Every structure is written in C-alpha cells, then in structure tokens.
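Analysis of the macromolecular model
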Amino acid sequence: MTTTSTTAPPAAPVLTEQTWTRRFLGGSTTGPLCALLIAIAFFSTMADNFLSLNTAALVLQQVTVIGTLALGQTLIILSAGIDLSVGAVMAFGSIVMTKLAVDSGLPPVLAILAGIAVCGLFGLANGMLVTKIKLPPFIVTLGMLNVAYALTHIYSNEATITGVPATLTALGETFPVGDARVSYGSLLMLVLFAAFAVVLANTAWGRRLYATGNNFEGTRLTGVPVRRHLQSVYLVAGLVFGVAALLMVARTGVGDPKVGQTENLESITAVVLGGTSLFGGRGAVLGTLLGVLIVGVVRSGLQMMGVLPIYQILVTGILVILAVTFDQLYRRRNR
Amino acid sequence: MPKTRGWSRLTRTITVLIVISLAGLVTSGCGSGSDDRIKIGLITKTETNPIFIEMKDTALIAAEEAGAQLLTATGEFDGDNEGQVSAMENMIAAGVKAILITPSDTKAIVPSVKRAQKLGIAVISLDTPTEPADATDGLYGTDNFRAGEVVGEYAKAKLDGKPAKIATMDLAPGVTVGQLRHDGFLKGFGIKEGDEQLVCEEYTQGDQTKATTAMENCLQAHPDINLVYTINEPAGLGAHTALKAAGRTDKTTLVAIDGGCPGVEATAQGKFDTTAMQFPVKMAELGMDAALEYARTGDRPSGYTDTGVELITDDPVEGLDSKDTDWGAKQCWGG
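- You'll find chain B entered in an unreviewed UniProt entry as Periplasmic binding protein/LacI transcriptional regulator, with Stackebrandtia nassauensis given as the organism.
- Regarding chain B, the relevant UniProt record gives this comment under Sequence similarities (unreviewed entry): "Belongs to the bacterial solute-binding protein 2 family."

- Under the annotation held in an unreviewed UniProt entry, chain A carries the name Inner-membrane translocator and is attributed to Stackebrandtia nassauensis.
- What the UniProt record of chain A gives under Subcellular location (unreviewed entry) is the line "Cell membrane".

Pasting the structure below:
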C-alpha cells in the first residue's frame with residue numbers, strides 16, 4: 001500500500017492488491033461482455049447473414065473512429081474528468097491534415113502529423129485550463145467544443161475537401177480474412193486498445209491515472225505530481241483524437257467539416273456501456289472496446305433486420321440506462 | 001479481495017448465460033429462419049424532416065404491396081455522410097438488391113455507391129443528385145432550379161413592374177439544392193447575382209428560428225424590403241414572424257418552396273403569397289418501382305426523372321399555371 005496515514009480518505013489507491021488479470025480486465029468488463037454476447041446471439045437468430053465473419057469485420061470497421069475517440073475519452077473519464085470536445089477536435093484535425101495535404105501541397109506524412117499535433121494542442125490547452133486555472137473539465141471542453149467547431153468551419157470554408165492523397169486514406173484499405181475484408185484502420189484501433197490496456201495495467205503512468213481519478217487529494221499527498229500527470233493525460237488523449245481524425249479521413253476518403261457532431265456523446269455512451277465509472281478511477285479500456293462493439297452490433301443488427309432507424313436510438317438509450325443501473329447496484333452490493 | 005465479489009460475479013455470469021439461452025430459445029421458437037423476400041434499402045438524410053418521413057412511409061407501403069422487405073436507415077443529421085456509408089454497408093451485408101438514397105454529401109457518397117454497384121446492386125438517388133449525377137442508376141426528384149424559377153416568375157408578375165427591394169433567405173454555403181433554388185429564383189425574376197435590387201442575402205440553414213433572426217437583421221438594414229424569397233417553408237415561416245413584428249406583411253411579397261402541409265396552410269392564411277410544391281410521394285413510388293423492377297428482371301434504371309413542381313396560391317397571376325390551396329391541402333405531405 002502506498003497511501004499515507006494523513007487525513008486522506010481511505011478510498012485511496014488499492015491497486016497493489018489487485019491481481020494482474022483483474023487489473024488487465026478491469027474487473028468491470030464481465031457485464032459488458034455478457035451484453036455483447038446477448039446482442040450477438042439475439043441478432044444471429046433474428047437477421048439473415050448476421051452471424052458471419054463478414055459482419056464482424058464490418059462492425060469493426062464501422063466502430064473504428066468512434067472506438068478510437070472513446071479510447072481517449074476513457075483516459076479522461078478515468079481521471080475523473082470528461083471531454084465534450086472530442087468530435088469537434090477530431091473534425092478540426094481531419095480538416096487540417098486534408099487541407100494541408102491537398103491545398104498547401106505538404107507531403108502527406110507531414111500533413112498527417114500536423115493534424116495529429118493540432119489535436120494534441122487542443123488536449124494540452126484543455127489540460128492546462130483544468131490543472132492550472134482549475135476550471136471544471138465539463139466547462140473547459142464545452143468551450144473548446146465551440147472553438148474547434150468554429151475553427152473547422154472557418155478553415156475549411158464550409159467545403160468538403162476532396163482529392164485527398166492515398167497516404168491519408170491508406171488505413172481505409174482492406175485485406176482479406178477468409179471471405180471477409182478487414183480494414184487496416186480497425187486493426188490499428190485494436191492495437192491501440194491493447195497498447196493502452198497494457199500501459200494502464202503495468203506502468204506508473206497508468207497506476208497514477210487510476211489513483212488520481214479515485215482520489216485526487218489523497219494521491220497528491222502521497223507525493224505524486226498529480227497536476228503534471230493530469231496534464232499529460234489530456235495531451236495523450238488529444239493525440240489519440242488526432243489518430244481518430246486520420247481514421248475518419250481514411251474511412252470517408254474526404255475532409256468533411258460536418259463530421260464529429262454526434263461523436264462527443266457517442267464516445268461517452270461507449271465508455272459508460274463499457275463499465276467505466278463517470279466519477280473516475282474505476283474501469284478499463286477493454287470495457288470501452290466492448291461498449292463500442294455493443295453499440296455497433298445493435299446498430300448493424302437492427303439495420304439488417306429492417307427495424308426503423310429511430311429504434312436504434314431508443315435501444316441505445318435504454319442500454320445506457322441499464323448499464324449505469326447495473327453499475328450502481330453492483331457497487332452498492334460490494335461496498 | 002472481499003469474497004462476496006467473486007461469488008456475485010459467478011452468479012451474474014450464470015444468470016446471464018441462462019438469459020442468453022432463453023433468448024435463443026424464444027427467438028428460434030419464432031421460426032424467423034431465413035427470409036426469401038426481395039430486400040430493398042432506403043437511406044434518407046434525417047429522421048425528422050417531413051419530406052423524408054413521407055418518402056419512407058410511401059416506400060414501406062410499396063414494399064408491402066410487392067411482398068418485398070424494406071430496410072431503412074438515415075444519417076443522424078443533415079450532412080452525416082459517415083452514417084449513410086455505414087447504412088449502405090449494412091444493407092449490402094443484409095443482401096439488398098437495390099438501394100434508394102437521398103445523399104447527404106453529394107460527392108463523398110460516390111465511392112460507396114460504386115462499391116455497391118460493383119456487387120450488382122442498383123443504387124437510385126431520390127430528391128438529391130450525386131456529383132456526378134450519373135454515378136447512380138437514375139434520379140427521381142424535383143428540378144430545384146425550376147422550383148426557384150417558378151416562384152421568381154410569380155414574384156415578377158406580382159410586383160408588376162414596381163421597383164423591388166429583395167431579401168433572400170438561403171440555405172447554407174456550398175449546398176447544391178440551396179444554390180440551385182436561389183439561382184432559379186433570380187432567373188425567374190429576371191435579374192442576375194449582384195443586381196442592385198438584391199439588398200440582403202442571408203443563410204438560414206432552412207431553420208425557422210434562424211430565418212427570423214436573419215430577416216430581422218435584413219429589415220434593420222433595409223426597412224423597405226418588399227420581396228422575400230425563402231429556400232423552404234420553415235425559413236418562410238421564420239421570415240414571416242419578423243415581417244409581422246415589423247408590420248411589413250401587407251407591403252411584402254413572400255415566396256417559399258416545398259409543399260409541406262404547414263406551408264400550404266400558411267399560404268391559405270396569406271402568410272406566404274405562394275409556395276412551390278414538390279412531390280416526395282412520387283419520388284418514392286417511382287424509385288421503388290424502378291428498384292423492384294431491377295430486382296426482378298435485372299433492368300437497370302437510368303437518367304433523371306423530373307417529379308414536377310406545382311405553384312400553390314390563392315392569388316394566381318396571369319400566364320402562370322397554379323393550383324389553389326384546397327388542391328394543395330389534398331396533395332401536401334407531412335400533414
């Protein structure tokens with residue numbers, strides 16, 4: 001145990017007690033996993049052609065962008081924050097990289113890096129406002145949502161950017177697996193999830209993230225530089241949103257200033273469905289991956305069944321409420 | 001680690017497994033099995049716009065009559081290209097023979113259209129053409145330039161040579177439909193962009209509240225505006241609100257486009273001098289006919305089919321065909 005015997009509440013980090021597997025799986029992923037299996041079982045019997053490698057590859061491809069955004073969102077929520085600007089920041093990043101590559105003739109790789117860097121800057125700015133001026137993350141990112149949205153539309157002149165070089169869309173290409181085709185983008189998303197799962201479970205950075213989210217003051221008193229750490233979390237999340245921007249360009253083949261309008265809330269939905277606590281400090285990135293897949297499976301399944309689109313939104317809403325309800329009941333029982 | 005936690009996880013897992021198997025039993029009991037009906041997909045821009053609701057309802061009826069299954073989907077907002085791309089992928093996976101689509105992003109959807117066609121699926125656009133228009137197997141829709149032109153001609157006759165001070169309540173920069181209607185209006189009125197009679201041009205996003213604000217601003221700068229063109233009926237109603245507050249309704253001619261039931265009613269009440277009606281039911285009927293024909297015989301539709309425009313007014317002008325609001329109330333959509 002690393003907690004001190006000062007006035008810090010006892011809810012402080014107890015991560016050293018956890019087994020490796022428990023930390024890796026986050027403990028709270030059983031529920032989401034079951035929900036995903038139920039959804040797959042349900043749609044397999046209800047929709048023709050649903051249970052196939054092809055559908056699996058398709059769902060994976062469709063959740064690539066939102067999955068990557070939700071990964072960054074998970075980091076921020078684990079730190080007991082929230083980011084309402086993810087979709088807008090991603091949109092700005094994708095406009096920056098496509099416009100630089102198409103209009104300014106910058107080498108595609110540099111354009112991509114510039115786009116990702118811009119998203120990182122947004123993360124840095126969010127982080128500084130949260131840690132230095134101590135503004136609530138909700139307010140900071142609400143403001144940043146509007147800033148990024150406006151910059152996107154000003155910089156793009158409201159026009160879709162076409163003729164994007166192939167380097168920017170390479171991640172949208174697919175390779176065959178059996179009779180299905182998997183996109184490189186979905187592969188990258190899975191790799192990112194795996195990498196962050198390992199980082200959160202096995203590094204000081206990861207452990208501090210949980211500790212800070214669990215009990216900011218307690219962690220600070222143990223001598224962890226919590227503000228600098230929080231700052232780095234926002235920066236890393238921003239860079240992840242930059243990768244999502246690249247994936248969005250790869251997916252649509254254009255720089256589209258209109259993207260990202262629904263992703264802010266969708267990313268939070270995925271995190272919640274994945275069993276990560278909105279109060280910080282508890283949850284896991286693999287849960288978020290399951291959360292994203294649940295939404296993707298439900299959406300594709302209902303569409304393949306021919307259910308009217310409005311019901312997809314209804315079902316997603318009910319799932320979120322159920323997820324939070326189970327989470328609350330589970331926590332109450334184990335207190 | 002508290003013992004209860006492991007125990008509860010086990011029971012939860014068991015409970016969930018029981019639920020899964022029950023769900024499987026129930027659904028297989030329904031005997032849905034595989035569905036041999038022809039499948040057709042319909043993808044519109046949004047869930048809420050009455051014109052798309054009318055199309056969906058029409059297509060559902062046509063599918064039922066033909067013994068076919070209709071899969072429907074929409075984007076999450078007007079301009080949501082990614083949502084439409086995902087919907088197309090899901091419909092292809094579900095095995096549709098033809099897809100009817102109202103493209104949100106006329107350029108960015110084209111690669112997905114090509115992909116579907118390569119798999120032997122006919123893609124037909126409704127209401128809005130793709131860019132290039134021949135990317136899809138046929139288009140059934142309003143000639144938007146013509147719709148603008150007829151209200152322009154009406155306004156010209158109505159003003160009867162009096163000097164005009166014109167405000168245009170437009171859609172949004174870079175959106176084809178809005179541009180075509182605007183240009184058509186100018187042509188019908190017999191002026192060109194930059195004419196001194198055009199005193200105020202504002203973007204409204206086709207939104208009632210935004211149109212009120214825009215019209216207020218126009219009246220602030222030019223209190224003597226006597227002709228208002230509005231891109232659609234919500235914008236028309238918004239502009240009317242501002243004109244009424246300024247006491248200008250009697251001295252102003254207001255023309256709108258769409259033919260929704262609230263718009264026809266506003267015309268009957270004298271809020272609009274005229275509205276140009278378009279025919280979404282016809283678009284959906286003709287589109288479904290073509291889709292079913294392709295599914296049965298393999299005959300691909302092609303080219304543009306104009307579904308027509310009809311001027312609705314209770315104050316007809318000489319030399320221009322029009323129908324009164326009683327006729328309009330019977331033909332209108334979204335009522």
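So that's the structure; there's more coming.
1. Re the overall build of chain A
- Each helix and strand in chain A was counted, giving 15 helices and 2 strands.
- By the compact-globule yardstick of 20 Å for 335 residues, chain A fits well, its C-alpha radius of gyration being 20 Å.
- Considered along the principal axes of its C-alpha atoms, chain A spans approximately 60 × 50 × 35 Å.
- By residue count, 53% of the 335 residues in chain A fall in the buried class.
- Restricting the contact set of chain A to residue pairs at least 6 apart, pairs at least 24 apart contribute 77%.
- With an accessible surface of roughly 13,700 Å², chain A has 69% of that area assigned to carbon and sulfur atoms.

2. Some words on the domain arrangement of chain B
All names here are of chain B.
- Splitting chain B by domain gives domain 1 (9-142 + 279-302) and domain 2 (144-277 + 311-331).
- Between domain 1 and domain 2, the C-alpha centre-to-centre distance is 34 Å.
- Taken together, the contacts link 6 residues of domain 1 with 6 residues of domain 2.
- Summed over both sides, the interface of domain 1 with domain 2 buries roughly 510 Å², with 57% coming from carbon and sulfur.
- At the boundary of domain 1 with domain 2, the tally comes to 1 residue pair in polar contact (both at pLDDT 80 or more).
- Residues that form the side of domain 1 that touches domain 2 fall into these classes: 1 nonpolar, 3 polar and 2 charged.

3. Brief notes about the sheet that holds strand 8 (residues 227-230) of chain B
All names here are of chain B.
- Spatial ordering of the open sheet is given by 7-6-8-9-10-12, a layout of 6 strands whose pairing is mixed. In this open sheet, the two strands that pair with only one neighbour each are strand 7 (198-203) and strand 12 (310-312). Sheet twist, expressed as the mean angle between neighbouring strand axes with direction ignored, is 15°.
- Inspection of the sheet shows strand 10 (residues 274-277) paired to strand 12 by 3 bridges, in the antiparallel sense. Bridged to Met-277 within strand 12 is Glu-310.
- In the packing of helix 6 (residues 176-189) onto the sheet, the strands contacted are strand 6 (166-170), strand 7, strand 8 and strand 9 (253-258), and the crossing angle to strand 8 comes to about 150°.
- Across the sheet, helix 8 (residues 233-245) lies against strand 6, strand 8, strand 9 and strand 10, angled at about 160° from strand 9, the strand it touches most.

4. Section: the packing of aromatic side chains
- The tally for this structure, following the rule as stated, stands at 7 aromatic pairs over all chains.
- Measuring from centroid to centroid gives 6.1 Å for Phe-185 of chain B and Phe-189 of chain B, while their planes differ by 15°, and the two rings are stacked. Separated by 4 residues within a single helix, Phe-185 of chain B and Phe-189 of chain B lie in helix 6, roughly one turn from each other. The burial state of Phe-185 of chain B is the same as that of Phe-189 of chain B; both residues are buried.
- Within the aromatic cluster, the residues linked to one another by ring pairs are Phe-42, Phe-43 and Phe-50 of chain A.
- Stacked on the ring of Tyr-155 of chain A, the Lys or Arg Lys-99 of chain A has its end atom at 5.7 Å from the ring centre.
- The ring of Phe-189 of chain B has Lys-156 of chain B sitting right over it, with the charged end atom 5.0 Å from the ring centre.

5. Let's talk about the nonpolar core
- With 93 residues, the main nonpolar core has Leu-69 and Met-90 of chain A together with Ile-43, Met-88 and Ile-99 of chain B as its most contacted residues.
- With residues up to four places along the chain from it excluded, the contact list for Ile-43 of chain B reads Ala-73, Gln-84, Ala-87, Met-88, Met-91, Ile-99, Leu-100, Ile-101 and Thr-102 of chain B.
- Listed in part, the 26 residues of the second largest apolar core include Tyr-154, Ala-155, Val-255 and Val-317 of chain B.

6. What to know about helix 2 (residues 30-46) of chain A
- Taking 1.5 Å of rise per residue, 17 residues should cover 24 Å, and helix 2 of chain A covers 24 Å from first to last C-alpha, within 8% of that figure.
- Among all positions of helix 2 of chain A, only Pro-32, Cys-34, Leu-36, Ala-39 and Phe-43 of chain A are buried.

7. Focus on the confidence of the model for chain B
Residues and elements named next belong to chain B.
- Averaged over chain B, the pLDDT score is 89; the fraction of residues at 70 or greater is 89%.
- Across residues 1-6 the pLDDT falls below 50, and counting only partners more than four positions away or on other chains, this stretch makes 5 contacts in the model.
- Taken as a whole, residues 28-33 scores under 50 in pLDDT and shows 4 contacts with residues more than four places along the chain or in a different chain.
- At the level of chain-chain contacts, confidence expressed as ipTM amounts to 0.77, with global pTM at 0.81.

8. Looking at empty space enclosed by the protein
- By the definition in use, this model includes 2 cavities of 30 Å³ or more.
- In this model, the largest cavity occupies a volume close to 70 Å³.
- Lining the largest cavity we find Pro-309 of chain A together with Leu-42, Thr-44, Thr-46, Glu-47, Phe-52, Ile-53, Lys-56, Thr-72, Ala-73 and Thr-74 of chain B.
- Listing elements by their share of the lining of the largest cavity, those giving two or more residues are strand 1 (39-44), helix 2 (50-66) and strand 2 (69-74) of chain B.

9. Comments concerning the sheet that holds strand 2 of chain B
Residues and elements named next belong to chain B.
- If you trace the 6 strands from one edge of the open sheet to the other, you get 2-1-3-4-5-11, paired in parallel fashion. With one partner strand each, in any of the chains shown, strand 2 and strand 11 (304-306) form the two edges of the open sheet. Direction aside, neighbouring strands of the sheet carry axes that sit 20° apart on average.
- Relative to strand 4 (residues 122-126), strand 3 (residues 98-101) is paired through 4 bridges, and the arrangement is parallel. Residue pairing in the sheet places Ile-99 in a bridge with Val-123 of strand 4.

10. Digging into the state of the cysteines
Residue and element names in this part refer to chain B.
- Scanning all chains against the criterion turns up 2 disulfides over all chains.
- With a sulfur-sulfur separation of 2.0 Å, Cys-200 is cross-linked through a disulfide to Cys-218. On the sign convention where negative is left-handed, the bridge of Cys-200 and Cys-218, at about -80° about the S-S bond, is left-handed. Here Cys-200 is found in strand 7, whereas its partner Cys-218 is found in helix 7 (residues 208-221), with 18 residues between them in sequence. For the pair Cys-200 and Cys-218, one class covers both residues: buried.

11. Quick look at the UniProt feature "domain: Periplasmic binding protein" (unreviewed entry) in chain B
- Mapped onto the present numbering, the UniProt feature "domain: Periplasmic binding protein" (unreviewed entry) falls at residues 40-296 of chain B.
- Secondary structure content for residues 40-296 of chain B is 47% helix and 19% strand, and the end C-alpha separation is 12 Å.

12. A word on helix 4 (residues 64-78) of chain A
- Here helix 4 of chain A contains 15 residues, and its C-alpha end-to-end distance of 21 Å stays within 8% of the 21 Å for a straight helix at 1.5 Å per residue.
- Looking one or two places after helix 4 of chain A, you find Ala-80 of chain A, whose phi comes out positive at around 70°.

13. As for the side chain of Glu-47 of chain B
- Counting through the fold element by element, Glu-47 of chain B comes out in the loop between strand 1 and helix 2.
- Although Glu-47 of chain B is buried, it makes no salt bridge; Lys-56 of chain B carries the closest opposite charge, 4.6 Å away.
- A distance of 3.3 Å separates the side chain of Glu-47 of chain B from the backbone nitrogen of Ile-310 of chain A, its partner in a polar contact.
- Setting aside anything within four residues of it in sequence, one finds Glu-47 of chain B in contact with Pro-309 and Ile-310 of chain A together with Ile-53, Thr-74 and Gly-75 of chain B.

About the thresholds
- Residues numbered from 1 in each chain as written.
- Chains lettered and ligands numbered in written order.
- Predicted model: local features only at pLDDT ≥ 70, side-chain atom pairs only at ≥ 80, totals over all residues.
- Heavy atoms only, no water.
- UniProt positions renumbered as here; feature names shortened; annotations may be inferred.
- Helix = DSSP H or I, 4+ residues; strand = E, 2+ residues; numbered from the N terminus.
- Rg over C-alpha atoms; globule rule 2.2 N^0.38 Å.
- Buried < 20%, exposed > 50% of the residue type's maximum accessible area, 1.4 Å probe, protein only.
- Contact = heavy atoms within 4.5 Å.
- Areas by Shrake-Rupley, 256 points an atom, 1.4 Å probe, with all protein chains shown as cover.
- Domains from an automatic or database assignment.
- Buried area = accessible area lost by both parts, 1.4 Å probe.
- Polar contact = N/O pair within 3.5 Å; in protein donor to acceptor, adjacent residues only side chain to side chain.
- Nonpolar A, V, L, I, M, F, W, Y, C, P; charged D, E, K, R; others polar.
- Pairing = 2+ DSSP bridges.
- Axes fitted to C-alpha atoms, helices over the stretch in contact; angles between N-to-C directions.
- Phe/Tyr/Trp six-rings, centres within 6.5 Å; stacked < 30°, edge-to-face > 60°.
- Lys NZ or Arg CZ within 6 Å of the ring centre and 35° of its normal.
- Core = buried A, V, L, I, M, F, W, Y, C linked by side-chain atoms within 4.5 Å.
- Expected span 1.5 Å × (residues − 1).
- pLDDT = per-residue confidence, 0-100.
- 1 Å grid on protein atoms, 1.4 Å probe; cavity = no way out; pocket = protein on both sides within 12 Å on 5 of 7 lines; lining within 4 Å.
- Points joined across faces, edges and corners; volume = space filled by probe spheres on them.
- Disulfide = S-S within 2.5 Å.
- Lys, Arg positive; Asp, Glu negative; His and termini not counted.
- Salt bridge = Lys/Arg side-chain N within 4 Å of Asp/Glu carboxyl O.

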